[in-house]
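# What the coordinates show
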Amino acid sequence: MRRTSALILIGNEILSGRTKDENIQFLALRLGELGIPLREIRVIPDIRETIINTVTEMRAKYDEVFTTGGIGPTHDDITAPCVAEAFGVPWEIHPPTFKLLETYFGPEEFNAARQRMAKLPQGATPIVNPVSLAPGFSIGNVHVMAGVPRIMRGMFDSLAPSLQKGAPVFSRTWHTTSLFEGTLADGLEDIQNRFPDLDIGSYPFHREDGRRGVALVAKGQNQAEVEEAASAIHDLIKTKGGIPIEGEPPV
């Protein structure tokens, strides 16, 4: 069964360059393993209309949608109320979460700002946060998680067992240091045309020690086709006079 997913990165700090996102690679790899490969990633600001419109569009387009960022206690953490609005439900205190956080912080320290983290869209299911306790949440096919990488990873690990899995993504790579992209482009396009359901990629590399070349990748959810395409890539490199080396080029 083929399933798809998308990721929405929410935060002015990402767009400004102040914060370097570290979540994309983790989620891309994990979702590929679960057979729900990422098909689109968007980075959007902390603007109400943008969040609502993006969530509404992408949840209709993909099987699963994941968001990171904007669920903390400050005024610019507006992801949760925007997702509630996108689903047409109230953003309200979730009593079990309220009690959990009140116990954690203590009544005197559980101020109005922290109480924001106990509010979820009506009908949402909390995503357990094993790192800092304040949960993310799932509503429909949208899964809202923290932007801090360590917390996001903990949330995703809690969420993953409940996700409906698809066919896993298989990948094979050959690289060469004796040819470059231009020499292989036509033959690689022929391979892509033979296997339209696969992602056939070409990735040049240039290492600091002077090693240069290109890595050619076949990726998809049909293992037999991936293996056949990988064999064709191997033969293409040899036919063009290069030396095919299996796997990614060493760093």
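On a predicted model such as this, the values are computed, not experimentally measured, just so you know.

Cut-offs applied
Residues numbered from 1 in each chain as written. Predicted model: local features only at pLDDT ≥ 70, side-chain atom pairs only at ≥ 80, totals over all residues. Heavy atoms only, no water. UniProt positions renumbered as here; feature names shortened; annotations may be inferred. Helix = DSSP H or I, 4+ residues; strand = E, 2+ residues; numbered from the N terminus. Pairing = 2+ DSSP bridges. Contact = heavy atoms within 4.5 Å. Axes fitted to C-alpha atoms, helices over the stretch in contact; angles between N-to-C directions. Patch = residues over 30% accessible without salt bridge, like charges linked within 9 Å, V, L, I, M, F, W, Y side chains within 5 Å. Areas by Shrake-Rupley, 256 points an atom, 1.4 Å probe, with all protein chains shown as cover. Salt bridge = Lys/Arg side-chain N within 4 Å of Asp/Glu carboxyl O. Buried < 20%, exposed > 50% of the residue type's maximum accessible area, 1.4 Å probe, protein only. 1 Å grid on protein atoms, 1.4 Å probe; cavity = no way out; pocket = protein on both sides within 12 Å on 5 of 7 lines; lining within 4 Å. Points joined across faces, edges and corners; volume = space filled by probe spheres on them.

## Focus on the UniProt feature "domain: MoaB/Mog" (unreviewed entry) in the protein chain
Under the UniProt annotation, "domain: MoaB/Mog" (unreviewed entry) lies at residues 6-166. The distance separating the terminal C-alpha atoms of residues 6-166 is 15 Å; by composition the span is 39% helix and 24% strand.

## Structural notes on the sheet that holds strand S11 (residues 212-220)
Taken in spatial order, the four strands of this open sheet run S10-S11-S9-S12, and their pairing is antiparallel. In this open sheet, the two edge strands, each paired with only one partner strand, are strand S10 (199-206) and strand S12 (245-246). Sheet topology note: the S10/S11 ladder contains eight bridges and is antiparallel. Among the inter-strand pairings, Pro204 is bridged to a residue of S11, identified as Val214. Sheet strands touched by helix H8 (residues 181-194): S10 and S11. Its angle to S10, the strand with the most contacts, is close to 165 degrees. Sheet strands in contact with helix H9 (residues 223-239) are strand S9 (170-176), S10 and S11, and its direction is about 5 degrees off that of S9.

## Focus: the side chain of His94
Considering the arrangement of structural elements, one finds His94 in the loop between strand S4 (91-93) and helix H5 (95-105). If we skip the residues at most four places from it in the chain, His94 touches Ala118, Lys119, Leu120 and Pro126.

## Details of a nonpolar patch on the surface
Residues Leu15, Ile24, Ile41 and Val43 make up a contiguous nonpolar surface patch of roughly 290 Å² in combined accessible area. Looking at the secondary structure, you find Ile41 in strand S2 (residues 38-44). What makes Ile41 partly exposed here is its relative accessible area of 38%.

## Digging into empty space enclosed by the protein
This structure, assessed with the given rule, holds one cavity of 30 Å³ or more. Approximately 100 Å³ is the volume attributed to the largest cavity. Listed by contribution, the elements that provide at least two residues to the lining of the largest cavity are strand S5 (119-121) and strand S7 (133-139). Top contributing element to the lining of the largest cavity by residue count: S7, with three residues.

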